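Chain by chain, the residues run as shown.
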Amino acid sequence: MNTVVHEIAANKCFGGRHRRFRHRSRVLACDMTFAVFLPPLAGPERPVPVLYWLSGLTCTDENFMQKAGAQRLAAELGLAIVAPDTSPRGDDIPGDPEGNWDFGKGAGFYVNATEDPWARHYRMYDYVVSELPAVIEANFPVTERRSVSGHSMGGHGALVCALRNPGRYCSVSAFSPIANPMDCPWGEKAFSRYLGADRTAWRSWDSCALLGQVQERLPLLIEQGGADSFLETQLKPQALLEAARAASHPIDLRIREGYDHSYFFIASFIDDHLRHHARALSHGRLDA
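Residues numbered from 1 in each chain as written. Predicted model: local features only at pLDDT ≥ 70, side-chain atom pairs only at ≥ 80, totals over all residues. Heavy atoms only, no water.

Undergrad: A description of helix H4 (residues 153-164) should follow, citing residues and the corresponding values.
TA: For H4, which comprises 12 residues, the first-to-last C-alpha distance of 16 Å matches the rise-based estimate of 16 Å (1.5 Å per residue) to within 8%. Within H4, the full set of buried residues consists of Met-153, Gly-154, Gly-155, His-156, Gly-157, Ala-158, Leu-159, Val-160, Cys-161, Ala-162 and Leu-163. (Helix = DSSP H or I, 4+ residues; strand = E, 2+ residues; numbered from the N terminus. Expected span 1.5 Å × (residues − 1). Buried < 20%, exposed > 50% of the residue type's maximum accessible area, 1.4 Å probe, protein only.)

Given below as C-alpha cells:
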C-alpha cells in the first residue's frame, strides 16, 4: 500500500500539533484529506492510542477539529485524534445528480457502495476501517489501540464500524447518530442508491439490525440533544435503545434537554466521550 502523505497545514495546539494531510486512496480511487491531532507526549518512544472521529453530512475533517474543542483534554489524556473526510472528493467523483446536500460528496454514509456509478469511489467503510488506520499507523507515533466516535451520519458510521468489527475497537460512542437508517429519509435515499433496491442488503449497514447478531458486547455511549430538529424523523435513538435492550447489549443513551444538532452540543459534552475512550484505550476494552 502507498502510505505517502503530504502535509498541507500544521498548527500548534495545547502543546501538541494539529496537522492536515493529503494522500492518494487506493480504496476510493481519489485523493483524500485527513486531520491528525497528536498530543505533546506523542513520539517515536511514546506512541499513543487513537480516537477516530467520523463527521456528518456536508462536513469535512475540519468541522470537528475546529469546532468541538477536543484538543485540550486530548492533550492531557495523551490521546491522538484522527478525522477523515466524509466522502470521496474530486471533479471526476459522481455526486447527487439533483445537486442536493444529503447524498454524494459530503454524504458517503460510511458504506461500501455496490451500485454504479457509486461503487468505484464510495467505499468509505473500507477506507475508515482499514486503509486510513494503516496509513496512520505507518506514518505517525501511534499504537494499534483504536476507538471510534462520530456525529449524525458519522455516528451511524462509528456504530456500524464497531459492530461489524469485533475486537478492532476498544470503545465506541456517538453524538446524535442516524440510528436506524433503513427507516429514515436520509438513510433510505443513500442506501437505495449506494446499495440498490434490495432492503435485505441494507441490514448489514444498520445499527439496529446489527445489534441482533453481534457477539461482542462493546457498550454504546450515545449522546442526543432533546431539542434536535432531526430527532424523530431522521435519528430515532429510541429504535436503537429498543434494539439494544432486545439483544441485551449495553447502552447508555443520554438525552440532553434543550440541546440541538450543532457543534455547540458536541462541544458541551465531548469531554465525557474523550474520557470514556481514554479509559478503554489505557486500561483495556470496556466489555472486558
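Undergrad: Describe the nonpolar core, with residues and values.
TA: In terms of nonpolar packing, the biggest core is built from 68 residues, with Phe-34, Phe-109, Tyr-127, Ile-136, Phe-191 and Tyr-194 touching the most fellow members. The element that contributes the greatest number of residues to this core is helix H3 (residues 124-139), accounting for eight residues. Sequence-distant contacts of Tyr-194, defined by excluding residues within four places in its chain, comprise Phe-103, Gly-104, Ala-107, Gly-108, Phe-109, Val-111, Ala-113, Thr-114, Glu-115, Trp-118 and Tyr-122. Counting 25 residues, the second largest nonpolar core, distinct from the first, contains Cys-13, Leu-73, Phe-175 and Phe-265. (Core = buried A, V, L, I, M, F, W, Y, C linked by side-chain atoms within 4.5 Å. Contact = heavy atoms within 4.5 Å.)

Undergrad: Summarise the pattern of salt bridges; cite the residues concerned and give the values.
TA: On inspection of all chains with the given rule, the structure shows 19 salt bridges. In this structure, Asp-126 engages Arg-123 in a salt bridge whose closest nitrogen and oxygen atoms are separated by 2.9 Å. On the basis of relative accessible area, Arg-123 is assigned to the partly exposed category, the value being 27%. For Arg-254, the salt bridge is made with Asp-272, and the minimal N-O distance between the two is 3.7 Å. In this pair, Arg-254 sits in strand E9 (residues 251-256) while Asp-272 sits in helix H9 (residues 263-283), placing the two residues 18 residues apart along the sequence. Here Arg-254 falls in the partly exposed class, since its relative accessible area comes to 25%. The exposure class assigned to Asp-272 is partly exposed, which follows from its relative accessible area of 33%. Each of Glu-223, Asp-252, Arg-254, Arg-256 and Asp-272 takes part in a single network of salt bridges with overlapping partners. (Salt bridge = Lys/Arg side-chain N within 4 Å of Asp/Glu carboxyl O.)

Just geometry here; none of it tells us what the structure is for.
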